Amino acid sequence: MIFTDKNISPKDITPKNVFEARREIIKVAAAGSFGLAFAPWFSRDAFGASTQLLSATPNSSYGKNIESTPYKSVTTYNNFYEFGTDKSDPSTYAGSLVTRPWTVTVEGLVKKPATFDIDDLLKLAPMEERIYRLRCVEGWSMVVPWDGYSLSKLLNKVEPLGSAKFVEFISLADSKQMPGVRGSVIDWPYREGLRLDEAMNPLTLLTFGLYGEALPKQNGAPVRIVVPWKYGFKSAKSIVKIRLTDQMPKTSWNTFDSHEYGFYSNVNPLVDHPRWSQATERRIGDPKGIFAPKIKTEMFNGYGEYVASMYAGMDLKKYY
Ligand code: MTE
């Protein structure tokens, strides 16, 4: 069995192999051949991962013919300013984040406000694995098999009131666990927001894992949002609160510089960020590194067929 060979390093294994290997572990563990308790140890030891396995059913509707970015790149090249501003800071420092116990409060303009324990949230709806492209406003992108379920499943439980128009996401900001929060890069806590119809769009994923494992801390454990047709900063990590409102929420990056970061932030190759062109992107983890051919960025990051109708008639240069 390749999994027991300690000489195999994660970087020697192609992403597809890793992916398949993990699937194999899940299958074997689920069949009870060597017991579920053993599976997390196997995974950690063989792949340098730090998390528990998640059982998710692949949903291939959104990610056909697209190769996933290597696990190592996805988990070591991160933006998570609560742990520092360098791409390597989150994987270096996020070990201090305590992810149990953890609760997420859903409040505001809803009929049934509630606080969910993370372990109940995990079981609220069937877990799916969806391969999504994530495009960062800085010009890089990656492709990740994310594990979660549509955020709408949670929002429907709390029954949004007719007056609710927006959804605000608030991340944890605890300076004891998060060294970056001791500095003042942005106004903590990290806040993001969506229009209610965007939040209810089936594509918006309440995300608990990637590559079949619980989210590594640097990727936003234990729960985050993933909105694949918007720039990566809309996908708030390590969230503790979801609030439904009738006013457009103030978001961290828009408050930081409203000329650079709009509320909508749909991926749009025709509207450049003041400092970065948005016409092309570089896929991280490509073995050719900086010589890798640039990829043309697609409108709505390629998800137009699912989301474009939400913006019919809107001037997307004005509502960037
Ligand atoms: N969420 C929080 N709480 N803090 C952050 O700094 N960075 C955002 C987003 N969510 C960020 C966050 C940005 S800029 C990007 S590109 C994505 O997370 C990166 O997600 P990844 O590290 O899983 O690729």
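Notes on the structure in this doc start here. Note that the coordinates shown come from a computational prediction; the quantities given were computed from them, not determined experimentally. (Residues numbered from 1 in each chain as written. Predicted model: local features only at pLDDT ≥ 70, side-chain atom pairs only at ≥ 80, totals over all residues. Heavy atoms only, no water.)

**Here's the deal with the side chain of Thr 251**
Note the following rule: Helix numbers and strand numbers start at the N terminus; a helix is a DSSP run of H or I with at least 4 residues, a strand a run of E with at least 2. Note on exposure labels: buried denotes an accessible area under 20% of the residue type's maximum, exposed denotes more than 50%, and partly exposed covers the range between, all computed with a 1.4 Å probe on protein chains only. Contacts were defined at the residue level, with two residues in contact if any of their heavy atoms lie within 4.5 Å.
Here Thr 251 shows up in the loop between strand E11 (239–245) and helix H8 (252–256). When its relative accessible area of 1% is taken as the criterion, Thr 251 is described as buried. In contact with Thr 251, not counting residues within four places along its chain, are Arg 191, Glu 192, Gly 193, Lys 234 and Phe 263.

**Section: the side chain of Glu 192**
Formally: Whenever two N or O atoms come within 3.5 Å, that pair is a polar contact, provided that in protein one can donate a hydrogen and the other can accept it, and provided that, for residues adjacent in sequence, both atoms are side-chain atoms.
If you trace the backbone, Glu 192 turns up in strand E7 (residues 191–195). Overall, Glu 192 belongs to the buried group, its relative accessible area being 0%. Among the polar contacts made by the side chain of Glu 192, one reaches the side chain of Lys 234 at a distance of 2.7 Å.

**Considerations on unusual backbone geometry**
The omega torsion of the bond from Arg 100 to Pro 101 falls at -10°, within 30 degrees of zero and hence cis. Note on placement: Pro 101 falls in the loop between helix H4 (89–93) and strand E2 (103–108). The omega torsion across Trp 188 and Pro 189 is -5°, close enough to zero to call that bond cis. Tracing the backbone through its elements, the reader meets Pro 189 in the loop between strand E6 (166–171) and E7. A positive phi angle is found at Ser 265, which is not glycine, with a value near 50°. Tracing the backbone through its elements, the reader meets Ser 265 in the loop between H8 and strand E12 (280–283). A relative accessible area of 4% places Ser 265 in the buried class. Non-glycine residue Asn 301 carries a positive phi angle of around 55°. Residue placement: Asn 301 occurs in the loop between strand E13 (295–296) and helix H9 (304–307).

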